[in-house]
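# Descriptive analysis of the structure
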Amino acid sequence: MITETLATPKRTPKPKWLRVKLPTGKKYTELRGLVDKYDLHTICTSGSCPNMGECWSEGTATFMILGNVCTRSCGFCGVKTGRPDTIDWDEPEKVARSIKLMKIKHAVITSVDRDDIKDMGSIVWAETVKAIRRMNPETTLETLIPDFQGNERNIDRLIAVNPEVVSHNMETVKRLTREVRIQAKYERSLQVLKYLKDKGIARTKSGIMLGLGEREDEVIQTLKDLRSVNLDIVTIGQYLQPSKKHLPVKQFITPDQFKKYETIGLELGFRHVESGALVRSSYKAQKHLT
């Protein structure tokens, strides 16, 4: 029997607005069958995304490239940290075939950080976009990229293949960046987003998580900072702790507060603002093409 002590504080139960129904529907069942049959790797399934059923029914799915071990150790992320495997140069074709099998209309591609290699994975990134376009010419693309340590040569490889949307997440407010994104820098992420826009990317996007101890004024300042680099799209969601080893949830943000941030974001001039407890980076991604 487990007894409550000062060392084991009582966990705050999730509020009702964070409870989701299991995904259902013909389209979801069909895609789930394909994923299981062909051992396809999507972030939707591996990350147990609460919006999986909704996104799949709209023909949207998210795929992670460059392995499943990251060279960084962010305090919020459930991806393993360590020494990644060697690069799989067949991966671009594998991802493209998965998208074809699943008949995906809009694909979101993301990756771990690969600070262990000279090009930081940017060559595989570019080749993946090219392979998807060859095999799925009607599929639109969003690339959710790492910061590539701000290296413009690596970022240029993505710009050259010109995805419909290029996204890079700020994740949190400036004050908490060092704790939440240990090897990242707030200003560097802003500079990456600015560089993408200055070089002609039509739609740039970023996302932040709430509930890590940020103040309202800090969230608003982050939104202002993102607009200062002409960002088009922002997503705002609730942070949920992946395991006991990760940063704890300090606060569950109410639906009214999320709505307030959405209103502020639209007033600041963002083209799209997705703000809500269950919002994730790729939520309603296909809508962001309009």
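Everything numeric here is computed off the predicted structure, so don't read it as measured data.

### Examining the sheet that holds strand E5 (residues 140-144)
Within the open sheet, the seven strands sit side by side as E1-E4-E5-E6-E7-E8-E9. Their pairing is parallel. Two strands bound the open sheet, and with one partner strand each, they are strand E1 (60-65) and strand E9 (272-275). The sheet shows a mean angle of 20 degrees between the axes of neighbouring strands, taken without regard to direction. Bridge count for strand E8 (residues 233-238) against E9 is four bridges, and the pairing is parallel. Across the sheet, Val 234 pairs through a bridge with Val 273, a residue of E9. Helix H4 (residues 91-102) contacts E1 and strand E4 (106-111) of the sheet and is inclined by roughly 165 degrees relative to E1. Relative to the sheet, helix H9 (residues 216-228) contacts strand E7 (204-210) and E8, its axis offset from that of E7 by approximately 170 degrees.

### A look at the environment of Val 129
Turning to its location among the elements, Val 129 is positioned in helix H5 (residues 122-135). Sequence spacing of Val 129 and Val 161 is 32 residues, and the spatial spacing of their C-alpha atoms is 6.9 Å. Each residue touching Val 129, except ones within four places of it in the same chain, is listed here: Leu 141, Thr 143 and Val 161.

### Comments concerning the pairing of E7
With seven of its seven residues buried, E7 lies for the most part within the structure. Side chains Thr 204, Ser 206, Ile 208 and Leu 210 project from E7 onto one buried face, and the interleaved Lys 205, Gly 207 and Met 209 project onto a second face that is buried too. Examined bridge by bridge, strand E6 (residues 165-167) and E7 share two bridges and lie parallel to one another. Paired with Val 166 across the strands is Thr 204, a residue of E7. Pairing analysis gives six bridges linking E7 to E8, with the strands arranged parallel. Looking at E8, one finds that Met 209 is bridged to Gly 237.

Cut-offs used in this document
- Residues numbered from 1 in each chain as written.
- Predicted model: local features only at pLDDT ≥ 70, side-chain atom pairs only at ≥ 80, totals over all residues.
- Heavy atoms only, no water.
- Pairing = 2+ DSSP bridges.
- Helix = DSSP H or I, 4+ residues; strand = E, 2+ residues; numbered from the N terminus.
- Axes fitted to C-alpha atoms, helices over the stretch in contact; angles between N-to-C directions.
- Contact = heavy atoms within 4.5 Å.
- Buried < 20%, exposed > 50% of the residue type's maximum accessible area, 1.4 Å probe, protein only.

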